[in-house]
Amino acid sequence: MKKETLPKILKSSAILIGLIVLVVFFAIVTKGQSITLRNLKLILGQSIILMLVSTGVFFVMTLGCMDFSVGANLALSCYVMAKVSTVNIPLGIILTLVTGLIIGCWNGVIHAKLKLPSFLVTLSTMYILNGLVIQLTASEPVPVPFELFKLDEFAFKIPLLFVVLFIAYYLFRYTRFGSDCRMIGAGETAAIYSGIDVDKVKIQAFCIAGVLASLAGFMNGIRTGAASANAGSDMPFNVLIALVIGGLPSGGGAKSRFSAPVIGSILISVLSNGLVLINLAPMVQNLVKGIIFIVLIIIMAEKQMPKFLHKKTIGVLAEEKLSQ
Amino acid sequence: MEEQVMVHLQDLHKTFGSTKAVDGVSLDIDKGEIRGLVGENGSGKSTLMCMVAGLLKPDSGSMTVEGQPYAPQHQAHANDKGVSMIVQEVNTLAGMTVAENIFVGHEQKFINHGLRDLKAMFVEAKEYLEEMQISGINVKSDIDAYTLEQRKLIELVRAAHIKPKLLIIDETTTVLSQKGRAELYKLIHKTKDSGNSVVFISHDLREVLDLCDSVTVMRDGQLVDTVSARGMSENDLKSLMVGRDLVGSYYREDYGMLTSSEVVLEVRNLNCPGKLNDVSFELYRGEILGFGGLSESGMHNLGKALFGVEYNTTGSVTLEGETINIHSIKEAIKSGIGYVPKDREHEALINNADILDNICITCMDQLQKGVYLSPIKKKNFAREQARRLNIKMNDVDQFVYTLSGGNKQKVTLTKWLARGANIFVLDSPTRGIDVMTKAMIYDLLTCMKNDGCSIIVISEELLELIGVSDRILILKNGNISGEFVRSKDLSEEDLVSCMI
């Protein structure tokens, strides 16, 4: 049996330790302000949206792909919800999710069937949707019907989040789909040769990412009360960072763990919130964030080399072969 | 007196994790010597030579080249000191031209005022290719345009152009055709004649004995013995490698056994533009059908076509009376075909996943209960299956890339056995695999045959085909050019005459 050495355990839980250190640090610096119930609720509220989106993208990244369109998807879905809900609320919610599904399906089909790199496909989708939302919301901001505001309660949001996380976890861990995702990320050719319908799995994963992004759009709508063009504009990058910091190998694959979207999202929310609380100027905030991110990534670099470093350069190849 | 020793290794050690890959090896290689290096997979041959070639750093120990202390930092450094190596895997850099590949690490001599003189590079690369009489390669073309074999030959040029004092060749002949091998042998002899040394690693013991002056045998990271090649037989070497005497031959020894007359698989007019030409044949129940030919004869494509991988095939494949779609891997698998590809690293296995996932990947239908897939059930299933072929491992959660070639092949076979496939298409099933595992695979083939499985073996090793097949079909330029029935008198020459 394998023996886990102390450094190894430290390494594998580096991100959890990092999170605790951050929380303690902010608690001290803000003299306890950061750990008041009110503030913790705020952090949770902020991290729900990010967590929903990261959970969807988690499947896509496990495949070794990327979805940059989730932010624009969020904005468009939010607009659909605001518009349609004025007519009929249930219909509004359904159409919101359908919007996300269509966007995800579009990304998946183009990427899988035309064999184009997913980051290019979804980047284009992002621009298309962005342009669309700017057109639609240009004349006036679109308010969300008042009745929906009462849903902006933890009593609604937390159970919803848990249901989503549970379903996603179940999908990932206990179904063929989750296993197929990991296998495709680890070795697409061999996955094809083992009879996995790679195209289908990819399209499904992009659909999940799309639907969860639109659900996040819904959450965003009831939280802010209006649909605006710049909602979710920094979402793709926050998601990417949350997942990588949460411990997802950036090439995806068999080593993907479901804790990545959860812990990563919380960490990012804690950090953003803390930096605001200690009254850092917005410009400096980004600077500090960037430095913290790179430090965290370096700490975890050894266990998750990005795919491009896996390229079989001469030395790596020999090491790999000989470690057999 | 002039120094006779070219390279001296003193007490080299290298460990990977808990594995002692090389455990205190001291070795002298003389000038003008061709030294064979043999041993089972995982015996440390490649590790040892990679340390000499600067690809790996030894944990401890020292080396000298021509009496001078030698501690290479990387491959280019080793090249400067006169040591070059051709590794087992294809090792060309994709997306670069042939010439750039030849001079990788040695671009400095073409750099003029900070700019790279491509023209001079092309001219010189062309000279080298001509010198080695390798034709049909344009030095300006992208390396990816060439076949596996041609790329290997280009690597050969890369290793040779520095006129190495020590040339190390690791398991290269397996991907080369007869013609490519001839080129390689020529290079080896030329190196020897100029007073330099060669280390030749191969599993093909016949080849090693024919080519080398002396042979060093390794086992479990240690040196067993160095013997003169003269007067040694393959069996002597085998027993040195394994550490005990091997009884009998590892091929089947039955002849004249009747196979059933029940046709399981019927292939009619299989066409694949430029690769296969109207190929038709039948496979009977419990038959081992061998396919032989040159590597470009289309036999590898035939295996892929049967499994539904080649997308532009036409023709019909009938399985127990039912025609199947030849463009769908899924359907092939569903109808009970299992395919073991030649390219073990990319097509057969997911290296970056554990044994469990690699075995279970084909068996999801059996393991699923509704949509629910129990991790515990998966683990037990994988453990049970892994035991069938005795895969050497800590547990099924071990990653596949940590396994040796032979064990990897066992995992590939297991994943189809676990599914209960009854038609096997095995492409080069024993390529780069050690003697023990080879023998095990041959035994397994016989077992599977007796269980009523039908097996297609595609192989470039003619002795293997003669040894295991009930019937052999030879392909030449995409056509079937000969058919042989199992018999004691069948010789390699018979087959070769149909191949070329």
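Residues numbered from 1 in each chain as written. Chains lettered and ligands numbered in written order. Predicted model: local features only at pLDDT ≥ 70, side-chain atom pairs only at ≥ 80, totals over all residues.

Engineer: Give me the overall build of chain A: which residues, what numbers.
Structural biologist: Along its length, chain A carries 14 helices and two strands. Looking at chain A residue by residue over its 324 residues, the buried ones come to 44%. Residue pairs at least 24 apart in sequence account for 79% of intrachain contacts in chain A once pairs closer than 6 positions are excluded. (Helix = DSSP H or I, 4+ residues; strand = E, 2+ residues; numbered from the N terminus. Buried ≥ 20, exposed ≤ 12 C-beta atoms within 10 Å, placed from the backbone. Contact = placed C-beta atoms within 7 Å.)

Engineer: Report on the overall build of chain B, specifying residues and quantitative values.
Structural biologist: Along chain B, the regular secondary structure elements total 18 helices and 24 strands. A compact globule built from 500 residues would reach a C-alpha radius of gyration of about 23 Å, and chain B, at 24 Å, matches this within 12%. In terms of its C-alpha atoms, chain B occupies a principal-axis envelope of roughly 75 × 50 × 45 Å. Buried positions account for 46% of the 500 residues belonging to chain B. Of the contacts formed within chain B by residues at least 6 apart in sequence, a portion of 68% connects residues at least 24 apart. (Rg over C-alpha atoms; globule rule 2.2 N^0.38 Å.)

Engineer: Outline the sheet that holds strand 17 (residues 322-324) of chain B, supporting the account with residue identities and numerical values.
Structural biologist: All names here are of chain B. Spatially, 14-13-16-17 is the arrangement adopted by the four strands of the open sheet, whose pairing is antiparallel. With partners counted over all chains shown, the strands left at the sheet margins are strand 14 (276-284) and strand 17, one partner each. Across the sheet, the mean angle separating the axes of adjacent strands is 20° when strand polarity is ignored. In terms of strand pairing, strand 13 (residues 263-272) meets strand 16 (residues 314-319) through five bridges, oriented antiparallel. The partner of Leu-265 across the bridge, within strand 16, is Leu-319. (Pairing = 2+ DSSP bridges. Axes fitted to C-alpha atoms, helices over the stretch in contact; angles between N-to-C directions.)

Engineer: How would you summarise the interface of chain B and chain A if you had to cite specific residues and measurements?
Structural biologist: Taken together, the contact pairs 40 residues of chain B with 27 residues of chain A. Secondary structure elements with two or more residues in the side of chain B that touches chain A: helix 1 (45-52), helix 10 (329-334), helix 11 (344-348) and strand 20 (372-373) of chain B.

Engineer: Provide a residue-level description of the sheet that holds strand 10 (residues 197-201) of chain B, including the pertinent values.
Structural biologist: Residues and elements named next belong to chain B. Here we have six strands laid out as an open sheet, ordered 6-9-10-3-11-12, and mixed in their pairing. Only two strands of the sheet have a single partner each, and these edge strands are strand 6 (83-86) and strand 12 (222-228). Sheet twist, expressed as the average angle between the axes of neighbouring strands with direction ignored, equals 20°. Alignment of strand 11 (residues 214-219) against strand 12, held across six bridges, turns out to be antiparallel. Opposite Ser-214, over in strand 12, you have Ser-228 as the bridge partner.

Engineer: Go over the nonpolar core with me, naming the residues and quoting the values.
Structural biologist: Membership of the largest hydrophobic core comes to 151 residues, with the highest contact counts inside it found for Val53(A), Val60(A), Ala209(A), Leu243(A) and Ile456(B). Counting residues per element, this core draws most heavily on helix 10 (residues 198-224) of chain A, at 15 residues. With sequence-adjacent residues up to four places away left out, Leu243(A) is seen in contact with Ser54(A), Val57(A), Phe58(A), Met61(A), Leu248(A), Ala260(A), Pro261(A) and Gly264(A). Counting residues in each nonpolar core, the second largest holds 64 residues, with Val7(B), Leu48(B), Ala53(B) and Leu237(B) among its members. (Core = buried A, V, L, I, M, F, W, Y, C linked by C-beta atoms within 7 Å.)

Engineer: Mind laying out the confidence of the model for chain B, listing which residues take part and the relevant values?
Structural biologist: Residue and element names in this part refer to chain B. Across chain B, the average pLDDT comes to 85, with 96% of residues at 70 or higher. Within chain B, no element has a lower average pLDDT than helix 18 (residues 492-499), which sits at 80, and none a higher one than strand 22 (residues 454-458), at 94. Predicted complex metrics record ipTM = 0.80 and pTM = 0.75. (pLDDT = per-residue confidence, 0-100.)

Engineer: Which residues make up the environment of Ala382(B), and what values go with them?
Structural biologist: Residues and elements named next belong to chain B. Locating Ala-382 in the fold gives a position in helix 14 (residues 375-388). Between the C-alpha atom of Ala-382 and that of Ile-456, which follows or precedes it by 74 residues, the distance is 26 Å. Residues in contact with Ala-382, not counting those within four places in the same chain, are Ile-355, Leu-356, Ile-359, Cys-360 and Val-396.

Engineer: Could you give an account of helix 15 (residues 405-419) of chain B, with specific residues and numbers?
Structural biologist: Residue and element names in this part refer to chain B. With 15 residues, helix 15 extends 22 Å from end C-alpha to end C-alpha; this agrees with the ideal 21 Å at 1.5 Å per step. Counting buried positions along helix 15 gives 15 out of 15 residues, so the element sits mostly inside the fold. Looking one or two places after helix 15, you find Gly-420, whose phi comes out positive at around 85°. (Expected span 1.5 Å × (residues − 1).)

Engineer: With reference to specific residues and values, describe the packing of helix 5 (residues 89-113) of chain A against helix 10 of chain A.
Structural biologist: Residues and elements named next belong to chain A. Two elements in contact, helix 5 and helix 10, have axes separated by 7 Å at closest approach and are oriented at 145°. Crossing hand, helix 5 versus helix 10: right-handed. Among the residues forming the contact of helix 5 with helix 10, the class breakdown is 16 nonpolar, 10 polar and three charged. (Left-handed = near helix turned anticlockwise from the far one by under 90°. Nonpolar A, V, L, I, M, F, W, Y, C, P; charged D, E, K, R; others polar.)

Engineer: If you had to explain the environment of Ser295(B) to someone new, which residues and values would you point to?
Structural biologist: All names here are of chain B. Looking at where Ser-295 falls in the secondary structure, it is placed in the loop between strand 15 (288-292) and helix 9 (299-307). Of the residues examined, Ser-295 has 18 C-beta atoms within 10 Å and is grouped as partly exposed. For the pair Ser-295 and Ser-404, spaced 109 residues apart in sequence, the C-alpha separation works out to 25 Å. With residues up to four places along the chain from it excluded, the contact list for Ser-295 reads Glu-149, Ser-177 and Glu-460.

Engineer: Could you give me a rundown of the packing of helix 3 (residues 37-62) of chain A against helix 12 (residues 259-277) of chain A, with the residues and numbers involved?
Structural biologist: Residue and element names in this part refer to chain A. Where helix 3 contacts helix 12, the two axes come as close as 8 Å, and the packing angle between them is 140°. Compared by their axis directions, helix 3 and helix 12 come out oblique. Considering how the two elements wind past one another, helix 3 and helix 12 form a crossing that is right-handed. Of the residues in helix 12, those in contact with Asn-39, Leu-42, Ile-43, Gln-46, Ser-47, Leu-50, Met-51, Ser-54, Thr-55 and Phe-58 of helix 3 are Ala-260, Pro-261, Val-262, Gly-264, Ser-265, Ile-266, Ile-268, Ser-269, Val-270 and Asn-273. Of the residues assigned to the contact of helix 3 with helix 12, the class counts are 11 nonpolar, nine polar and no charged. (Parallel < 35°, antiparallel > 145°, perpendicular 65-115°, else oblique.)

Engineer: Tell me about the pairing of strand 11 of chain B, and please be specific about residues and values.
Structural biologist: Side-chain direction in a regular strand flips from residue to residue, so the side chains alternate between the two faces of the sheet. Residues and elements named next belong to chain B. Alignment of strand 3 (residues 34-38) against strand 11, held across four bridges, turns out to be parallel. Residue pairing in the sheet places Leu-37 in a bridge with Thr-216 of strand 11. Adjacent in sequence and paired antiparallel, strand 11 and strand 12 are bridged by two residues, among which Asp-220 carries a positive phi angle near 50°.

Engineer: Give a detailed account of helix 11 (residues 235-245) of chain A, specifying residues and quantitative values.
Structural biologist: Judged by how many residues are buried, helix 11 of chain A sits mostly within the fold: 10 of 11 residues are covered. Residue Gly247(A) follows helix 11 of chain A closely and has a positive phi angle near 105°.

Engineer: Break down the confidence of the model for chain A for me, with residues and values.
Structural biologist: Residues and elements named next belong to chain A. Taken residue by residue, chain A gives an average pLDDT of 85. The fraction at 70 or more is 89%. By mean pLDDT, the top-scoring element of chain A is helix 5 (95), and the lowest-scoring one is helix 14 (residues 314-322) (41). A low-confidence stretch, residues 304-324 (pLDDT under 50), is modelled with 40 contacts involving residues beyond four sequence positions or located in other chains.

Engineer: Lay out unusual backbone geometry in plain terms, naming residues and giving numbers.
Structural biologist: Note on backbone geometry: most residues besides glycine have negative phi, and most peptide bonds are trans. Residues and elements named next belong to chain B. With a phi angle near 50°, Asp-11 is a residue other than glycine that sits in the positive phi range. Tracing the sequence through the fold places Asp-11 in strand 1 (residues 5-16). Of note in this structure, Glu-320 is not a glycine but carries a positive phi near 45°. Residue position: Glu-320 is located in the loop between strand 16 and strand 17. The class of Glu-320 is partly exposed, set by 15 C-beta atoms lying within 10 Å.

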